[in-house]
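Secondary and tertiary structure notes
So the chains spell out like this:
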Amino acid sequence: MTENATIEVRINGDDRGIPPGLSVSGLLEWLDLNPGLVVVELNREILDRDRYGEIVIAEKDTLELVHFVGGG
Amino acid sequence: MTENATIEVRINGDDRGIPPGLSVSGLLEWLDLNPGLVVVELNREILDRDRYGEIVIAEKDTLELVHFVGGG
Amino acid sequence: MTENATIEVRINGDDRGIPPGLSVSGLLEWLDLNPGLVVVELNREILDRDRYGEIVIAEKDTLELVHFVGGG
Amino acid sequence: MTENATIEVRINGDDRGIPPGLSVSGLLEWLDLNPGLVVVELNREILDRDRYGEIVIAEKDTLELVHFVGGG
Amino acid sequence: MDAPFQIADREFTSRLIVGTGKYKDNRTMVDAIRASGAEMVTVAVRRVDLDRTKEEGILHHLDPEEFLLLPNTAGCYTAEDAIRYARLARAAGFTDWLKLEVIGDEKTLLPDTQATIEAARILVDEGFKVMAYTNDDLIAALRLEDLGCVAVMPLASPIGSGLGVVNPYYIREIKRRLEVPIIVDAGVGTASDACVTLEQGVDGVLMNTAIAVADDPVAMGEAMRLAIQAGRLAFLAGRMPSREIAVPSSPTSGMLD
Amino acid sequence: MDAPFQIADREFTSRLIVGTGKYKDNRTMVDAIRASGAEMVTVAVRRVDLDRTKEEGILHHLDPEEFLLLPNTAGCYTAEDAIRYARLARAAGFTDWLKLEVIGDEKTLLPDTQATIEAARILVDEGFKVMAYTNDDLIAALRLEDLGCVAVMPLASPIGSGLGVVNPYYIREIKRRLEVPIIVDAGVGTASDACVTLEQGVDGVLMNTAIAVADDPVAMGEAMRLAIQAGRLAFLAGRMPSREIAVPSSPTSGMLD
Amino acid sequence: MDAPFQIADREFTSRLIVGTGKYKDNRTMVDAIRASGAEMVTVAVRRVDLDRTKEEGILHHLDPEEFLLLPNTAGCYTAEDAIRYARLARAAGFTDWLKLEVIGDEKTLLPDTQATIEAARILVDEGFKVMAYTNDDLIAALRLEDLGCVAVMPLASPIGSGLGVVNPYYIREIKRRLEVPIIVDAGVGTASDACVTLEQGVDGVLMNTAIAVADDPVAMGEAMRLAIQAGRLAFLAGRMPSREIAVPSSPTSGMLD
Amino acid sequence: MDAPFQIADREFTSRLIVGTGKYKDNRTMVDAIRASGAEMVTVAVRRVDLDRTKEEGILHHLDPEEFLLLPNTAGCYTAEDAIRYARLARAAGFTDWLKLEVIGDEKTLLPDTQATIEAARILVDEGFKVMAYTNDDLIAALRLEDLGCVAVMPLASPIGSGLGVVNPYYIREIKRRLEVPIIVDAGVGTASDACVTLEQGVDGVLMNTAIAVADDPVAMGEAMRLAIQAGRLAFLAGRMPSREIAVPSSPTSGMLD
């Protein structure tokens, strides 16, 4: 993957290169995640699902992608 | 009830006068007890039901008439 | 006890008339209390023992006189 | 140890050859045991201490020599 | 999933045996017993009341076709008495099953294990199916099994005390060491006591007072039915280990920064 | 006969709430939960595993139509963290119910009641239906009720310990003094623990480990379902008094000469 | 053999602290305290009774030279009240030691840990040697230690209940995790309770009712003195493991044929 | 203040009887026994070891002038064996006191009460002062008293288990009903167990393992001495009632405005 082909973001604690210009929806699609089951926190702000399409991920953004798992 | 009309027997701890010549069956009938639900001990010997008819109660006999009651 | 002979103060929750012009020491003496065993709170302020002599009780003052009692 | 030099007895579960003609006292001495601390059962009979001297051990006798040990 | 519960040659669906004493009325007794799911019920042998002042016989209320009647020898203080009552019970013609009970002390109603063993020897020879009420004493329990009792029934605590299983160690050990069914008899006070009892691995429970004198005997009867099923299932399911330290039930990984 | 069990505006048939952690596989989890009869199940909020090495989300296995999902804040050690996880959980769009849990110590997993109270104040204001996990401390419980928690959930013993109700006095007192439902959360180890808990008069029980790590979780799930019904019924039925002296269950009169 | 028992800068021979309330008369109080061997005794701060109907001050009976007086804030329901009583106590000029106690509920007398923490913060700053009465809550105990309390005093069970150590797990864990002396305060009912408490490894016990309302307070005072020594020694001696199986204490070899 | 403790015609200062088995060495044994204050010590009867590989007799270490030796019949599984060992013990010429013990099961070492009763009958006739080890069974205890045993010694829990008094109800009832001294024998694990035992009102305790296998037997010996004094004193002093509700120990009047 070449420098100019990606931007650096932090997702779930790991630095990753992702294609530039991705919306949140695009990112989830690119990561093959079901938007209906994932909650996205962008730079510490929780995003409403209906904004996933409009918000574009920028260089150095920090994202947390969470869902429900088994717990007591 | 006059002397010569009865004989003295002991039933369930009490002395009672009963008509002379009664069989065990007759006694139970006289006492209005259901032979199918009562067990008879005559002078410390447990009687088989099929002998109730033949055995005649004698003066001074001691009888215990028992049945099942609630218990733990 | 006539009006002008006393001033009204509140001591340990009760209104009492006491001679005017009494210092704290004077009050304790008047009440026959051992200053060494009593702590005095005057209008919600705890007093140092060495000031008992100089502080004079005024009309409407509220005093709490406390000591140690048995407790767990 | 030659045949005629010993007799066979059973002591505390083991067969042993001991010198012939020994009294119980002699046996204890031969075994280097303190007669004051040992109780002797000879052929299932408990012996009084004062008979240790007179009783002579015979071929095939069974002896139990017991004492007190730590226990709860 | 559970093996059928068998005593002697007879299989039971319910692991609960109930007594029929101390109920405020017979209607309540029958309803509570039905709610409890018990198939075997104990009855006592007593004199007929010739003056008809006291209640009539139990058979006017319990159908021997619906319930297996288990006559007891309650109130007997010697082996001889217990044998006499047992023979009278069998002569009634309903059953050769027997709850053998020889009491050793009027105040505590604790069993006389020695006399119980003597009576059991004779009654087993006479062909009774003897279910022996006894103390939580392994040695007496082993002897009762050797004599041929079809079940051994150690107490959880004294009759009518409602203290539950005071000594689970003894109850567990008796179960471990005997082959015949172990029925814990007497002392259960509430549903959790019954549940705990079955969790010890024993085969069943016999109770009377806990149901009969509850404020609502029918509800308590059902509670006991459920508690005994729960305790048995929990025993078979194999409980988690208990430990003094904590262990999280949610993942400790995957936390956010 | 029992009043319906209601939390906030919702009625439940089952008094058992179960966790979804620590199961050996999802199939067992679903079967055990169904066997337990629970209608409300707790879930945790964690990062999606982008490498797909760890198991997928719980929603692939539990239908929110079948079960009321109760997200927890397990793993949070401050009010701030708990609030963040709570908001993430609600943003998932399934529920505004929340099991609030703020841990005060990693080794014992005991709750930080002070931080729990702080977080509860804010989350109740934000409209969450807060079910607060707390210590068996009456004073903290009263405060959580005052703040508007829909249920207060004192522990029976530490999470995952399986020690059962160590301090029944505190649990009973909390139930006596609060109006909101009391759900005993954490510490139950086996069926009798659940039965004892309900016999204290509390409204329900929340458990995870006791079912998930039993040798047979499905059987233990059913055991818990029965034990909780039994305990509740026994509580309502009104148990017999327990006493140190014995009381006969068979008549003492009518004995033979 | 045992390390000296030290609180703050002061060493004590006795691990028992006793209260001075509820005695039928002062003579009995003094005799019972002497029999108990306690060196530190708690006292309460109350209004002087100007009508002289109630008993005079405790200092007429207890010599501050003989006993270290530990004023308490019993009866205070807010941090503010506790601070006020603490300052009054210190103004008496005998001591800057304090048993801090903030009650959260009149019926159970259980401590308000949050208010206790607030008051401790201020009183420690003011130079009091604060011994904090608290619930058996590890998190609150850790916080009280962090604030500089010279001792943390979790309860065994509610004040005056005499239930003994209801939750030994919590008490042990508090002792394991804190550095400052742990004094179990309230709930001890008889000598064995005190003995059990010390066997948990804690540093001391504070009690009042158990001695004061015993039929013979002087005898109970001595019983407590002995029980606490016994419990401490047993803790240091290292008890045998307990196990469900039996192990003979006499040799199994050397038996006769 | 306490009545002297008497068994048969002999008075004792200490209510503790200790065994002499399982010590790591004889020096420790003697020191621990002296620390315990016991005046009566049990010993076992075993074959002399003719190969001198095992330790020499106990009399090389314990002076019969200093301690009353109580030979036991440990290891006997029949009345006949117990009688044989008893006679051998008496033939040693030191004592006609006897701890009668007939074991019924090798795994649990539980007593065979029936065989114990048979042996007691004969040995009492032969003039032995029989102290009978038995189960916590009231009926067996009453019989042993009737036969003339000078003391009846029910177990607290199995030999060497260290589980303490598992069934205080039975122990209390045995004490209430018998006239002869009741010595609880076996099962004590630590000091508080001994203290609890005496608080039941019994006359004394017999133990071995708890002292012998403690990490520090001498310290544990002293702990037991103190614990037994404490428990006895507490029993005599009359403990406070225990109750679920709290009762303040400081005055509720005299509070400030």
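Let me begin by describing the structure that accompanies this report. Everything numeric here is computed off the predicted structure, so don't read it as measured data.

1. A closer look at the sheet that holds strand S6 (residues 97-100) of chain G
Residue and element names in this part refer to chain G. Taken together, 3 strands build an open sheet; the order of strands is S6-S7-S8 and the sheet is parallel. If you trace the sheet from one side to the other, it starts and ends with S6 and strand S8 (151-154), each paired once. Averaged over all adjacent pairs, the angle separating strand axes in this sheet is 20 degrees, with direction ignored. With 4 bridges joining them, strand S7 (residues 129-134) and S8 adopt parallel strand pairing. Looking at S8, one finds that Met 131 is bridged to Ala 151.

2. Quick notes on the interface of chain E and chain F
Counting residues at the interface gives 69 residues for chain E and 69 residues for chain F. Looking only at chain E, the three residues that lose the most surface to chain F are Arg47(E), Met240(E) and Leu256(E), adding up to 12% of its buried area. The interface formed by chain E and chain F includes 2 salt bridges. Between Arg47(F) and Asp257(E) there is a salt bridge, with the nearest N and O atoms lying 3.0 Å from each other. Taken together, the links from chain E to chain F amount to 37 residue pairs in polar contact (both at pLDDT 80 or more). Listed by contribution, the elements that provide at least two residues to the side of chain E that touches chain F are strand S4 (40-47), helix H2 (79-91), helix H6 (191-199), helix H7 (209-212) and helix H8 (217-237) of chain E. Looking at the side of chain E that touches chain F element by element, the count peaks at 11 residues for H8(E). Partitioned by chemical class, the residues of the side of chain E that touches chain F number 35 nonpolar, 19 polar and 15 charged.

3. Side note on the side chain of Glu173(F)
One can find Glu173(F) in helix H5 (residues 168-177). For Glu173(F), a relative accessible area of 9% puts it in the buried group. Setting aside chain neighbours within four positions, we find Glu173(F) in contact with Leu138(F), Lys107(G) and Thr108(G).

Conventions used here
Residues numbered from 1 in each chain as written. Chains lettered and ligands numbered in written order. Predicted model: local features only at pLDDT ≥ 70, side-chain atom pairs only at ≥ 80, totals over all residues. Heavy atoms only, no water. Pairing = 2+ DSSP bridges. Helix = DSSP H or I, 4+ residues; strand = E, 2+ residues; numbered from the N terminus. Axes fitted to C-alpha atoms, helices over the stretch in contact; angles between N-to-C directions. Contact = heavy atoms within 4.5 Å. Buried area = accessible area lost by both parts, 1.4 Å probe. Salt bridge = Lys/Arg side-chain N within 4 Å of Asp/Glu carboxyl O. Polar contact = N/O pair within 3.5 Å; in protein donor to acceptor, adjacent residues only side chain to side chain. Nonpolar A, V, L, I, M, F, W, Y, C, P; charged D, E, K, R; others polar. Buried < 20%, exposed > 50% of the residue type's maximum accessible area, 1.4 Å probe, protein only.

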